[in-house]
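Chain by chain, the residues run as shown.
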Amino acid sequence: MKQFFSTFAVALSFVAGAASAQSPSSGAAAQARLELDQDAAGPVIEPAVYGHFVEHMGTGVYGGMWVGPESSIPNTRGWRNDVVQALRQVGIPVMRWPGGCFADDYDWRDGIGDPEKRPVRVNRWWGGTENNRVGTHEFMDLVEQLGSEAYLAGNMGSMPPRALSQWLEYMTADGKSTLAEERRKNGRDKPWKVKYVGVGNESWGCGGNMRGEYQSDLHNRYATFLGQVVRVASGDGEGNDALVDVLMARSGKHMDAFTLHYYTIPGDWSRKGEATGFDAQAWARTLKSAMGIDGRIEAVSRIMDKHDPKRRIALYVDEWGSWYDTPPGAPALHQQNSLRDAMIAALSFNAFHRHTDRVRMANIAQMVNVLQAMVLTDGPSMVLTPTYHAFDLYRPFRGATPLRATLQTPRFSVGDVELPSVDMSAARTPDGQVVLALANLDPKRPAQVATGLKRAARGRLLTASAIDAHNTFAQPRAVVPVPFDAKPGKDGLTLQLPPASLVVVTLAP
Ligand code: AHR
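Residues numbered from 1 in each chain as written. Predicted model: local features only at pLDDT ≥ 70, side-chain atom pairs only at ≥ 80, totals over all residues. Heavy atoms only, no water.

Enquirer: Just to check I follow, could you spell out the packing of aromatic side chains for this structure?
Expert: In this description, a pair of aromatic rings is defined by centroid distance and the angle of the planes. Considering all chains together, one arrives at 20 aromatic pairs under this definition. Here Y196 and Y316 contribute two aromatic rings whose centre-to-centre distance is 5.9 Å and whose plane-to-plane angle is 80 degrees, an arrangement assigned as edge-to-face. In this pair, Y196 sits in strand β10 (residues 196-199) while Y316 sits in strand β13 (residues 314-322), placing the two residues 120 residues apart along the sequence. A network of ring pairs unites the aromatic residues Y50, W320, F349, F352, F391, Y394 and F397 as a single cluster. (Phe/Tyr/Trp six-rings, centres within 6.5 Å; stacked < 30°, edge-to-face > 60°. Helix = DSSP H or I, 4+ residues; strand = E, 2+ residues; numbered from the N terminus.)

Laid out in structure tokens, this is it:
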């Protein structure tokens, strides 16, 4: 018996079974066994773990979400109604904005006041120009339309601390402050609520190419002037344990959360791979890369534990998702989204659920038309991606308590990549229901997961006949969830998972 990940000893034990390590060509089902415990495996799954990230690039904001009040595309004060409605339906607990790399080159003053008079700037990181038509007032309107929380990514790379503290004062001050009056003059009487503020982004890279020691001094200085917000420190995205250690040691006192960025890439940064048209080998390589998020969270948490044994400081995975080669001529970081992306989402959610003692927010990169998007648009058309459906399937996990479980699963191989056939997550919802997510990662072989439970299960299944199946404007329902029911047999409940599939069910009481 071999444990895939040492961390699962706490939350889940995944145990290799006797099945062959070779990729099976037969249709015989892989046999897995799940023992579900009633004990909590950790603190509740914060709804913010299902959070989002919005950056000014390509058609991520302009066109994809913002069309302007004068557009023929139906909109509410400039935000397109079809996209807002889809996002409201899935629930957007928190949105990080305005970047990314963009945030460390952003002056909030460019985005307030008369829209016709706002400056046009070069978008240094993502190409083209930024006309600042979407600024603070417009973003906060979107936050309110979606019933979300605002997570502002503050500029530490190229603006002084006073700029960041004044942005917050402009947004949140009541009474007679000059900045509050300016906000009122610009059309917003009531102060906004800003819960989270990021102090820089990827300060080791596009945020200023800083040494950890220098960044931590700067962080402490900026964080001093933030007031009553969750202070989020820019963290790691390159597997740099030494950086985590330095920042935790020198800035731990001045932060409430530390960040991790983790992108799933089938190849390497020079040749990332295709979003569609890939083979089983690329499928497996990609899922293996996605599963690496678990080990990275584990490693960062271990270093955080050293400096913060009581776990006051949260870990926010505030950029995660797939990153493929952008097709020639496409807007910045635009990519299709296939069944494989839904599996990446499931694997990431499962990893977050295993680490609720630290992971209290995660933000997929990004919400619309950029990287692993929830929604794709083209002019007036909109389509929901398989990733959107994965978020929707996992909705019952928000606010639920993860449960201990032991999963015995066979492994399968494609070429030189070996993976467990099944990955899973279980939790108890606040109203006492048990919810179970099971992903069959094997692209060829079905899986049977025996639970021994004398309970029925009801929920939804997401799969397709091709591993790169995706939704298009012409065929928006190629990958959509379908009902899934299972009744216990004489040996209890056994769930039948098609190859390359995701099932989320609630167990009958
Ligand atoms: O999400 C795209 C970019 O990836 C972000 O701007 C940056 O923070 C990261 O490198």
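Enquirer: Mind showing me how you'd approach unusual backbone geometry here?
Expert: Glycine aside, the phi torsion of most residues is negative, and most peptide linkages are trans. Following W97, the chain continues into P98 via a peptide bond in cis, with omega recorded as 10 degrees. Between A365 and the following residue, Q366, the backbone shows a cis peptide bond with an omega angle of -5 degrees. Positive phi outside glycine occurs at L333, with the angle close to 55 degrees. When you line up the elements, L333 lands in the loop between β13 and α8 (339-354).

Enquirer: Would you mind showing me how to read the side chain of S234 here?
Expert: Within the secondary structure layout, S234 lies in strand β11 (residues 230-236). Setting aside residues no more than four positions away along its own chain, S234 makes contact with V199, G200, N201, E202, S203, Q215, L247, F258 and T259. (Contact = heavy atoms within 4.5 Å.)

Enquirer: Just checking my understanding: could you explain the side chain of R118 for this structure?
Expert: With respect to the helices and strands, R118 occurs in the loop between β6 (94-97) and β7 (121-122). A polar contact is formed between the side chain of R118 and the backbone oxygen of R133, at a distance of 3.1 Å. In this structure the side chain of R118 is engaged in a polar contact, spanning 3.2 Å, whose partner is the side chain of E138. When near neighbours in sequence (up to four residues on either side) are disregarded, R118 contacts D110, G111, I112, G113, N131, N132, R133, V134, G135 and E138. (Polar contact = N/O pair within 3.5 Å; in protein donor to acceptor, adjacent residues only side chain to side chain.)

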